[in-house]
Amino acid sequence: MRYLYALLAVFLLLLCLPASLHATHNRAGDITVEIVGGDDCGTSLTVRAIITTYTKASSVDADRDSLEICWGDGFCETIVRTNGPGNPPQGEVLDNDIKFNTYIGLHTYGSRGIYEISTTDPNRIFGIENIPNSLNTPFALRTIYRFGNPNFQLCNSTIFMTVPPIDFACVGQVYTYNPGAVDPDLNDSIGYSFTVPLFGVGLPIENYVLPDLINPGPDNNININPVTGDVTWNAPRKAGEYNIAIQMVSYRNGIPIDTVIRDMQILVQECNNVPPEIETEFDEICVVAGEVLEFDVTATAPLFEENQQVRLQAFGAPFEQFINPSTFTPEEDVYVDDPLTKTFRWETTCEHIADQFYTVVFRAVDNAIGGTGGLATLKSVRIKVVGPPPEDVQVDADGEQLTISWESPYDCEETINEYFQGFTVWRREGPNDFPIDTCTPGLEGRGYVRLNDVPMADIQDERYVFFDADVQRGKTYCYRVLAVFSRLSASGQNFFTLVESLPSEEVCEQLERTVPIVTQVTVEETDDTDGAIRVRWSKPDPEALDTLETNPGPYRYELFRADGLNPADADFVNVWVSPNFPTFSEANDTIFTDMGINTVARPYTYRIDFFVKADQAGGINLGSTELASSIFLNPAPTDEAVDLSWDFEVPWSNGSYTVFRENPTGSGTFDSIATVVEPLYRDEGLINGETYCYQVRSTGSYSIAGIIDPIINFSQEACAVPIDNVPPCPPLLTVSNLCETSSGCLEDDEIRNELAWEPSFNVCGEDGADVAAYRVYYTPAEGGTLEAVERVEGALNNNYLHTPPSDRGLAGCYAVTAIDSTGNESGFSNIICVDNCPIYTLPNTFTPNGDGQNDEFIPFPFCFIERIDFKVFNRWGQLVFQTSDPNIQWDGRNLSGQELAEGTYYYSCQIFEQRIDPTLPQQTEALNGYIELIR
């Protein structure tokens, strides 16, 4: 109801306006908003709104030197035009009968909140193809602006656009556009979508359609990329003027902040023209703050358009930066002969570091339309500026804590507006020596835990320093450091749009090493009864151990073993005890070969306990090493290949793996065939039926000074025989029957379905080359279990006639599989369900007079009818006959068996058809009519 009142109000407003104001002129526009109030935007409630419109320059009577703006708090006012020559300003007249206008207003709100800022102006230009009656349709713009709480949110301004909202397109040619939206708040993300243009505040235009619904077709589609804002219309089919509305929502930390709607116009012309082309060496790039990004952009017209020139422009956030804005040179914005090459250059700074990509829109336009414009091509390049990693990270064991330090000063610690906030320190148990990707700052998902929630920047001895006291002996701790950038709330207490730098290099350490460190668990012999694994470890640090006073000798090692990976403590058994070494310098027996075990069937996990004062009632156990297992290789044979994977649990980080294959089998000589960084590999090009044996070598490191590096270990030897266990790909099925061509009921011998399928080798090439037969599956009910009904021999035999059970008619679902020469069966093809084609027609007269002709009321020949609900009424509406039998066979008697008088009777007949789901017969629309009973 409120919507109807609003419509009526707009209509009455239009009736009351002077006739001269009904001259049409509005083409495109938007409203942007920015907060004002000096440096203290946290306390300011004043905003500046800019209404931008593009109008028809020749509509002089409708030209506006002012517009009314409503601020969303109940207050509306008139604001004047601010651009162009004259006093008052007259706007700027552009080519192609277009005028550009800006209107600027200031407003102070009484409180914080969400405000809908709008303007409405009669009217739009005449003849917009996708807006019915655009001549009498007002032009309305709306922006939703949010004033956040300054103690919890940053200051806020809406996005603004750098690419004009009027463009040209040609019939039959792909059209592209991008608004070139810029977020002045640096780290808000933008989501893009189409919406319906407005004719009043909150009033979408009725019966508006997107341009591709004018002369629709498969080659006429318009869409918008929700991330980049790229609009693609492929391709206009009718000349004319079209309007679209692009809704752009700013998100901060995933929460929608502002919404700006740009109402824009596309002028589609009949033109024999092809848009220019733009070439860049990449579409997306990440750079470290402080680096200079420079690349060429080339625009060309197609080769056959010899007389055309091109103009190349660039828009986007890098050009709007208050520090070191980007450049696009040469700066001349004119049409020149192609190819035209310009250079984009951006000397990035730490203030440019952002969580979101910057988008640069390059626009190439030809001069095919009257020498003043033509078709344009846009290409978006996304640029991410990331913070440099902290350098020279070190870690030292210091009593019961670990001290992490790194280089000072940090490259980006001096920033405008206190953008740099400090550092966070991240830790994990055991190393993760992953390669650093410039486009992936931060450490989420890498197995590290952040140790300080609030960024810190403590300095000691001219280095940044962090102390980690939450550590245990015997464990290896690995650290990385991130720099943190963020805007602060007005209170200075809360961080927003937090941005993390690239991670530092990793450093690892233990507390003063009073326990050994396992450095090897390698399989030396593969056998199911006489296998062997060599275990090696490093001695504790003698200085940390304090062998003279705190932990004197004798010393002893005890080795424990458990089956499998990740065993429970109770699963370990003691497999070796060293002698008691009188002095620490003699405790060098740090290698043990565990023999007589089954290295074929399983991996083994080990730990070493270390004892001091070993001569005193068994000694004192200072602690255990971290658990370390052998590598267990799992070969999985398949068609002409073996898939290898391997498992392990170790406290060091394995950076690479070398795969070895025995050549020839049984020779005992293994050759390397690949080096990989993930624990899996496929060995291809093998011969089915032959045996292939493998072994894997890992190369790892603790990244701890003084510990053996690299750490080398071997898996057991494992063999496999490639077999053809790969089924062919499924065929592509079609099903047809006479229901598609027949207009009457089918004869019994016609009630069958014809299956045909595209052979597997046509569907997927080599993956379907080894087909020997096909198997046909059927179920009478949709969703039922498909059962095999036939095997069709031969790769080229690709059709089958199937007669469903008599009580099902034609209804049923089908699928086909392919079977290769070794019996591997593919998955189901596409499942196709077919239904019956029910026919049921009733006559309108019968003669139940006992002459043997037409004595019963029966339907014409029918088919595929499950049952009916047939009722006959006399002229007073009384029920005289009913049945559920599709054959009806009414003999003219009433429900009591008495003959009815001749005359006109009325019937209703609800039909329940025999459909593909027998439990839910399809109820159709009722048949209603009259019957003449003649005696």
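Here the structure is a predicted model, which means the values were calculated and not measured.

Rules and cut-offs
- Residues numbered from 1 in each chain as written.
- Predicted model: local features only at pLDDT ≥ 70, side-chain atom pairs only at ≥ 80, totals over all residues.
- Heavy atoms only, no water.
- Helix = DSSP H or I, 4+ residues; strand = E, 2+ residues; numbered from the N terminus.
- Rg over C-alpha atoms; globule rule 2.2 N^0.38 Å.
- Contact = heavy atoms within 4.5 Å.
- Areas by Shrake-Rupley, 256 points an atom, 1.4 Å probe, with all protein chains shown as cover.
- Lys, Arg positive; Asp, Glu negative; His and termini not counted.
- Charge placed at Lys NZ, Arg CZ, Asp CG, Glu CD.
- Buried < 20%, exposed > 50% of the residue type's maximum accessible area, 1.4 Å probe, protein only.
- Core = buried A, V, L, I, M, F, W, Y, C linked by side-chain atoms within 4.5 Å.
- Disulfide = S-S within 2.5 Å.
- Pairing = 2+ DSSP bridges.
- Axes fitted to C-alpha atoms, helices over the stretch in contact; angles between N-to-C directions.
- Phe/Tyr/Trp six-rings, centres within 6.5 Å; stacked < 30°, edge-to-face > 60°.
- Salt bridge = Lys/Arg side-chain N within 4 Å of Asp/Glu carboxyl O.

Q: Before we go on, may I ask you to explain the overall build of the protein chain in this structure?
A: The secondary structure content of the protein chain amounts to three helices and 66 strands. Radius of gyration (C-alpha) of the protein chain: 40 Å, far over the 30 Å computed for a compact globule of 935 residues. Contacts spanning at least 24 positions in sequence make up 68% of the contacts within the protein chain whose residues lie at least 6 apart. Entry remark: accessible area of the protein chain is about 42200 Å², with carbon and sulfur atoms responsible for 48%. Between the averaged position of the 53 positive side-chain charges in the protein chain and that of its 137 negative side-chain charges there is a distance of 5 Å.

Q: Just to check I follow, could you spell out unusual backbone geometry for this structure?
A: Glycine aside, negative phi is the norm for most residues, and most peptide bonds take the trans geometry. Between Pro 122 and the following residue, Asn 123, the backbone shows a cis peptide bond with an omega angle of -10 degrees. Summarising the element assignment, Asn 123 is placed in the loop between β7 (114–121) and β8 (139–146). Of note, Asp 461 is a non-glycine position whose phi angle comes to about 55 degrees, a positive value. By the element assignment, Asp 461 lies in the loop between β33 (459–460) and β34 (463–468). By relative accessible area, which is 68% here, Asp 461 ends up exposed. Phi at Asn 566 is positive, roughly 55 degrees, even though this residue is not glycine. Structurally, Asn 566 is set in the loop between β40 (556–563) and β41 (573–577).

Q: How should the side chain of Thr 176 be read in this particular structure?
A: Its place among the elements puts Thr 176 in strand β11 (residues 175–177). Owing to a relative accessible area of 16%, Thr 176 belongs among the buried residues under this scheme. Residues within four places of Thr 176 in sequence aside, it is in contact with Asp 167, Val 231, Thr 232, Ala 376, Thr 377 and Leu 378.

Q: Looking at this model, I keep getting lost on the nonpolar core. Mind explaining?
A: Most often, soluble globular proteins have nonpolar side chains that are buried together. Ranked by size, the top nonpolar core spans 51 residues in total, and within it Phe 344, Ile 353, Phe 362, Trp 406, Phe 423, Tyr 479 and Phe 485 carry the most contacts. Examining the composition of this core, we find that five residues originate from one element, strand β35 (residues 477–488), more than from any other. The residues contacting Tyr 479, other than those within four sequence positions of it, are Val 395, Leu 402, Ile 404, Val 425, Trp 426, Arg 427, Leu 451, Asp 468, Val 471, Glu 505, Glu 506 and Val 507. Val 535, Phe 592, Ile 597 and Leu 644 belong to the second-largest nonpolar core, a separate cluster that totals 46 residues.

Q: Explain the state of the cysteines to me, please; I cannot follow it from the model alone.
A: Chemically, a disulfide is nothing more than a covalent bond linking the sulfur atoms of two cysteines. Tallying each qualifying case throughout the model produces eight disulfides. Each sulfur in the disulfide pair Cys 350 and Cys 412 lies 1.9 Å from the other. Taking the sign of the S-S torsion, about -75 degrees here, the bridge from Cys 350 to Cys 412 comes out left-handed. On the criterion of sequence distance, the pair formed by Cys 350 in the loop between β26 (340–347) and β27 (358–366) and Cys 412 in the loop between β30 (401–407) and β31 (420–429) is long-range, its members being 62 residues apart. In this model, Cys 729 is linked to Cys 764 through a disulfide, with the two sulfur atoms separated by 1.7 Å. Note on the Cys 729 and Cys 764 pair: the S-S dihedral is about -85 degrees, so by sign convention the disulfide is left-handed.

Q: Looking at this structure, how should I read the sheet that holds strand β58 (residues 799–802)?
A: Sheet strands line up and pair through hydrogen bonds in the backbone, either parallel or antiparallel. Taken in spatial order, the three strands make up an open sheet running β54-β55-β58, and their pairing is antiparallel. The sheet is open, and its two edges are formed by β54 (732–736) and β58, each paired on a single side. Along the sheet, successive strands turn relative to each other by an average axial angle of 20 degrees, direction set aside. Pairing between β54 and strand β55 (residues 753–758): five bridges, direction antiparallel.

Q: Could you clarify how one ought to interpret the packing of aromatic side chains in this entry?
A: Two aromatic rings, taken as a pair, are described by how far apart their centres are and by the angle between their planes. Taken as a whole and judged by the stated rule, the model has 43 aromatic pairs. With centroids separated by 5.0 Å and ring planes inclined at 75 degrees, the aromatic side chains of Tyr 777 and Phe 828 adopt a geometry described as edge-to-face. Here the residue Tyr 777 occupies a position in strand β56 (residues 771–779), and Phe 828 occupies one in the loop between β59 (812–820) and β60 (832–834), the gap between them amounting to 51 residues. Take Phe 828: its relative accessible area is 40%, and that puts it in the partly exposed class. When the centroid spacing of 5.2 Å and the interplanar angle of 40 degrees are considered together, the rings of Phe 846 and Trp 890 count as tilted.

Q: Just to check I follow, could you spell out the pattern of salt bridges for this structure?
A: For side chains bearing opposite charge, pairing can occur when the charged atoms are close. Scanning the model with the defined rule gives 32 salt bridges in all. Between Arg 124 and Asp 263 there is a salt bridge, and its shortest N-O distance comes to 2.8 Å. You can see Arg 124 sitting in the loop between β7 and β8 and its partner Asp 263 sitting in strand β19 (residues 255–269), a full 139 residues away along the chain. Among the residues examined, Arg 124 registers a relative accessible area of 0% and is labelled buried. A salt bridge links Asp 333 to Arg 311; its shortest N-O distance comes to 3.6 Å.

By themselves, these are just geometric observations and shouldn't be taken as functional.
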